[in-house]
Amino acid sequence: MKSYNLNHLKELESEAIYIVREVAAQFENPVLLFSGGKDSIVCAHIAKKAFHPAKIPFSLMHVDTGHNFPETIEFRDKYVKKLGANLIIASVQDSIDQGKAVEEKGFNASRNGLQTVTLLEGLDEHKFGAAMGGARRDEEKARAKERFFSHRDEFGQWDPKNQRAELWNIFNGMKNFGENFRVFPISNWTEMDVWQYILAEGIELPSLYFSHQRDCFIRDGVVMSECDFIPQREEEKTSEMTVRFRTIGDMTCTGAVESDADTIEKIIEEVAATRTTERGTRSDDKRSEAAMEDRKKQGYF
């Protein structure tokens, strides 16, 4: 890897470490949202470096839809154990069972949107004043509007027109009772930055990110993994395909890409050549032009 790329990555890492330490200093009870995806893994890795040789001084929380890839859950548990961190699991299934969220029906049903209810319940139950996550500005236009410290009102909602200025990396974490913050340590990173950092740091990832054989079908131009959670139409025929995943969220809304990239070096080459954003394979973002922004205003991460 070229030296100037390494210098660039060190600057991004230094910024992210500074933000994580600011969160630990300013908030009494922060949490790191951890899905087992590459961005949350990078955030956990940065948190580990920020406080080494001490343990990470806050918990990790996963909002589990119950429809996650089995490979992701297996990796999540193994990684958190290796990290020596405390993991809190907030279950969407529990929210459904308690009547706080309503399961969608039909061929395009997904639990992804229901995560908002479970996330807000988890933050309130554990009295977390700040929740850190791996969202990045380059992912989606609504996320491009976020500050590093993103204020949420007492209902957990986001007002993009009421964000605080962040001049010279001075962050204002003052909040009223019941309010909280979402914090994005790697907000300035790109997908390419993330992959180059993973390569430079030798970070372990779930196998889903690498090319493998999988039973899939095509829905509205998106390669979907066959599973028990997605009812298939008669014309949606399953076939074995060579694919990998650029994001690994809920199985019902996360598409794959046909790829032979089975190493991080090959993935970096692929990302450099693609003209599609990584969330271009997410069906939940295609429900409306402002799908992500609408969910964020309701409390979604």
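Source: prediction; values computed, not measured. (Residues numbered from 1 in each chain as written. Predicted model: local features only at pLDDT ≥ 70, side-chain atom pairs only at ≥ 80, totals over all residues. Heavy atoms only, no water.)

1. Considering the pairing of strand E6 (residues 180-183)
Turning to step 1, where the next piece is worked out: On E6, burial covers both faces: Asn180 and Arg182 on one face and Phe181 and Val183 on the other are all buried.
Turning to step 2, where the next piece is worked out: As paired elements, strand E4 (residues 130-132) and E6 share three bridges and run parallel to each other. Within E6, the residue paired with Ala130 across the bridge is Phe181.
Turning to step 3, where the next piece is worked out: The pairing of strand E5 (residues 149-152) with E6 spans four bridges and is antiparallel. Across the sheet, the residue bridging to His151 is Phe181, located in E6. (Buried < 20%, exposed > 50% of the residue type's maximum accessible area, 1.4 Å probe, protein only. Helix = DSSP H or I, 4+ residues; strand = E, 2+ residues; numbered from the N terminus. Pairing = 2+ DSSP bridges.)

2. Overview of the sheet that holds E4
Turning to step 1, where the next piece is worked out: Pairing is mixed in the open sheet, where six strands are placed in the order E3-E2-E1-E4-E6-E5. Only two strands of the sheet have a single neighbouring strand rather than two, namely strand E3 (87-91) and E5. Going from strand to strand, the sheet's axes swing by 30° on average, the running direction of each strand aside.
Turning to step 2, where the next piece is worked out: Where strand E1 (residues 30-33) and E4 come together, three bridges link them in parallel fashion. Bridge pairing in E4 links Val31 to Ala131.
Turning to step 3, where the next piece is worked out: Here helix H3 (residues 70-83) sits on the sheet in contact with strand E2 (59-64) and E3, set at roughly 170° to E2. (Axes fitted to C-alpha atoms, helices over the stretch in contact; angles between N-to-C directions. Contact = heavy atoms within 4.5 Å.)

3. A short note on helix H7 (residues 264-273)
Turning to step 1, where the next piece is worked out: Every buried residue of H7 is listed here: Ile264, Ile267, Ile268 and Val271. Each buried residue of H7 lies within a common arc of 100° when the element is viewed along its axis, so the set occupies one face. Those residues of H7 that are exposed and aimed more than 90 degrees away from the buried face are Glu269 and Ala273.
Turning to step 2, where the next piece is worked out: Buried residues along H7 sit in contact with helix H6 (191-201) and strand E9 (239-244). (Arc of directions from axis to C-beta.)

4. Side note on the packing of aromatic side chains
Turning to step 1, where the next piece is worked out: Here the structure, examined in full by the defined rule, presents twelve aromatic pairs.
Turning to step 2, where the next piece is worked out: Centre to centre, the rings of Trp189 and Tyr197 are 5.1 Å apart; their planes meet at 80°, and the pair counts as edge-to-face.
Turning to step 3, where the next piece is worked out: Following the ring pairs from residue to residue traces out a cluster consisting of Tyr18, Phe27, Phe148, Phe149, Phe171 and Phe181.
Turning to step 4, where the next piece is worked out: Arg137 extends its terminal NZ or CZ atom over the ring of Phe148, reaching a point 5.1 Å from the ring centre. (Phe/Tyr/Trp six-rings, centres within 6.5 Å; stacked < 30°, edge-to-face > 60°. Lys NZ or Arg CZ within 6 Å of the ring centre and 35° of its normal.)

5. Some remarks on the pattern of salt bridges
Turning to step 1, where the next piece is worked out: Within the structure shown, the criterion is met by 18 salt bridges.
Turning to step 2, where the next piece is worked out: Note that Lys10 is salt-bridged to Glu201, the shortest N-O span being 4.0 Å. In this pair, Lys10 sits in helix H1 (residues 3-26) while Glu201 sits in helix H6, placing the two residues 191 residues apart along the sequence.
Turning to step 3, where the next piece is worked out: Assessed through its relative accessible area of 45%, Lys10 is described here as partly exposed.
Turning to step 4, where the next piece is worked out: The shortest N-O distance in the salt bridge between Arg244 and Glu270 comes to 2.8 Å. Note that Arg244 is positioned in strand E9 and Glu270 in helix H7, a separation of 26 residues in sequence.
Turning to step 5, where the next piece is worked out: In this structure Arg244 comes out as buried when scored by relative accessible area, which is 0%.
Turning to step 6, where the next piece is worked out: Taken together, the shared-partner salt bridges in this structure form one network comprising Lys10, Glu13, Lys49 and Glu201. (Salt bridge = Lys/Arg side-chain N within 4 Å of Asp/Glu carboxyl O.)

Take it as geometry only, folks, not as evidence of what the structure does.
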